[in-house]
Amino acid sequence: MTPQQFQALYPHLIGWIHQTLQAHSDDVRIVSSLGFPRLSQYFSGNLLSSTKVAVVERVPMPPLSSLGLSQFAEFENGDYDGITYLDTFFVKRRSASSERLHFHELVHVVQWRLLGPERFLATYADGLEKHGYRQSPLEAMAYTAEDVFCRSNENFDAEKRVADELDRMSGRA
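Predicted, not measured: the structure shown is a model, and the values here were computed from it. (Residues numbered from 1 in each chain as written. Predicted model: local features only at pLDDT ≥ 70, side-chain atom pairs only at ≥ 80, totals over all residues. Heavy atoms only, no water.)

Q: Residues and numbers for the overall build of the protein chain, please.
A: Secondary structure summary: the protein chain contains seven helices and four strands in total. Starting at the N terminus, the α and β elements of the protein chain follow one another as α-β-α-β-α-β-β-α-α-α-α. Relative to a compact globule of 173 residues, whose C-alpha radius of gyration would be 16 Å, the protein chain shows 16 Å and is just as compact. Overall, the protein chain is about 45 × 40 × 25 Å in size when its C-alpha atoms are taken along their principal axes. Expressed as a percentage of the 173 residues in the protein chain, the buried residues total 45%. Partitioning the intrachain contacts of the protein chain with sequence separation of at least 6 by distance along the chain shows that 66% fall at a separation of at least 24. Total accessible area computed for the protein chain in this model is approximately 8,800 Å², and 50% of it derives from carbon and sulfur atoms. (Helix = DSSP H or I, 4+ residues; strand = E, 2+ residues; numbered from the N terminus. Rg over C-alpha atoms; globule rule 2.2 N^0.38 Å. Buried < 20%, exposed > 50% of the residue type's maximum accessible area, 1.4 Å probe, protein only. Contact = heavy atoms within 4.5 Å. Areas by Shrake-Rupley, 256 points an atom, 1.4 Å probe, with all protein chains shown as cover.)

Q: Can you tell me about the packing of helix α1 (residues 3–23) against helix α5 (residues 117–131), naming the residues and giving the values?
A: Their axes nearest at 11 Å, the elements α1 and α5 cross at an angle of 110 degrees. Taken together, α1 and α5 sit at an angle that is classed as roughly perpendicular. Like other packed secondary-structure pairs, α1 and α5 cross with a definite hand, here right-handed. When α1 is examined against α5, the residues Phe 6, Gln 7, Tyr 10, Leu 13, Ile 14 and Ile 17 are found in contact with a partner set consisting of Pro 117, Glu 118, Leu 121 and Ala 122. Residues of the contact of α1 with α5, tallied by class, amount to eight nonpolar, one polar and one charged. (Axes fitted to C-alpha atoms, helices over the stretch in contact; angles between N-to-C directions. Parallel < 35°, antiparallel > 145°, perpendicular 65-115°, else oblique. Left-handed = near helix turned anticlockwise from the far one by under 90°. Nonpolar A, V, L, I, M, F, W, Y, C, P; charged D, E, K, R; others polar.)

Q: Please set out the sheet that holds strand β2 (residues 52–56) residue by residue, giving values where relevant.
A: Strand pairing in a sheet relies on backbone hydrogen bonds, with the paired strands running either antiparallel or parallel. In space, the four strands of this open sheet follow the order β1-β2-β4-β3, with mixed pairing throughout. Looking at strand neighbours, the two that pair on one side only are β1 (28–30) and β3 (82–85), the edges of this open sheet. With direction set aside, neighbouring strand axes in the sheet form an average angle of 25 degrees. Note: β3 against strand β4 (residues 88–92), four bridges, orientation antiparallel. (Pairing = 2+ DSSP bridges.)

Q: Explain the packing of α5 against helix α6 (residues 137–151) to me, and be specific about the residues and the numbers.
A: Running from N to C, α5 and α6 point in directions that differ by 90 degrees, and their axes come no closer than 7 Å. The orientation of α5 relative to α6 falls into the category roughly perpendicular. Residue-level contacts link Phe 120, Thr 123, Tyr 124, Gly 127 and His 131 of α5 to Pro 137, Leu 138 and Glu 139 of α6. Class assignment for the residues of the contact of α5 with α6 results in four nonpolar, three polar and one charged.

Q: So what about the environment of Gln 71? Which residues, and what values?
A: With respect to the helices and strands, the residue Gln 71 is situated in the loop between β2 and α3 (73–76). Look at Gln 71 and you get partly exposed, because its relative accessible area is 39%. When neighbours within four sequence positions are excluded, Gln 71 is seen to be in contact with Met 1 and Glu 129. Side-chain polar atoms of Gln 71 contact the side chain of Glu 129, separated by 3.2 Å. (Polar contact = N/O pair within 3.5 Å; in protein donor to acceptor, adjacent residues only side chain to side chain.)

Q: So what about the packing of aromatic side chains? Which residues, and what values?
A: Applying the stated rule across the entire model yields 16 aromatic pairs. With centroids separated by 5.7 Å and ring planes inclined at 85 degrees, the aromatic side chains of Tyr 42 and Phe 103 adopt a geometry described as edge-to-face. With Tyr 42 in the loop between β1 and α2 (45–50) and Phe 103 in helix α4 (residues 99–115), this residue pair connects regions lying 61 residues apart in the sequence. Among the residues examined, Tyr 42 registers a relative accessible area of 2% and is labelled buried. Under the relative-accessibility criterion, Phe 103 is labelled buried at 0%. Sitting over the ring of Phe 156, Arg 161 keeps its end group 5.2 Å from the ring centre. (Phe/Tyr/Trp six-rings, centres within 6.5 Å; stacked < 30°, edge-to-face > 60°. Lys NZ or Arg CZ within 6 Å of the ring centre and 35° of its normal.)

See the structure below:
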């Protein structure tokens, strides 16, 4: 997708995101209210008290194919346990008790905040198109941090880790 194509589609995509968040606004809870014991060892209280989560049967996926983005059809039709839009993430009911999944999605919340919506979506789309879902840079970052979270009891500042990795990706580090 060219930058011009992205610019033409961005208003439709961000509009869909805002509409989806509004449609689920009565279903969200604040992450800090969920009682996961380890998240506060990795993320700030501010992030945990300002991030929302909705438990759903199927995570809402943007209608990418109908926007002319058929190259993302596999992603659009994927059966994912979670997805993040801005400061809210959606998790499948069957996975709602997975602290690991909440950790992963919180990494994406930090990415959204640091990059901003337009840059996040452009970076995500570029990575998805060039590398596929699992190897796209923003997903790889979230999966790597999630793996460290799961395999170790050693705490780290996940927000700083994401900021440092985004700086490296952009060549600023």
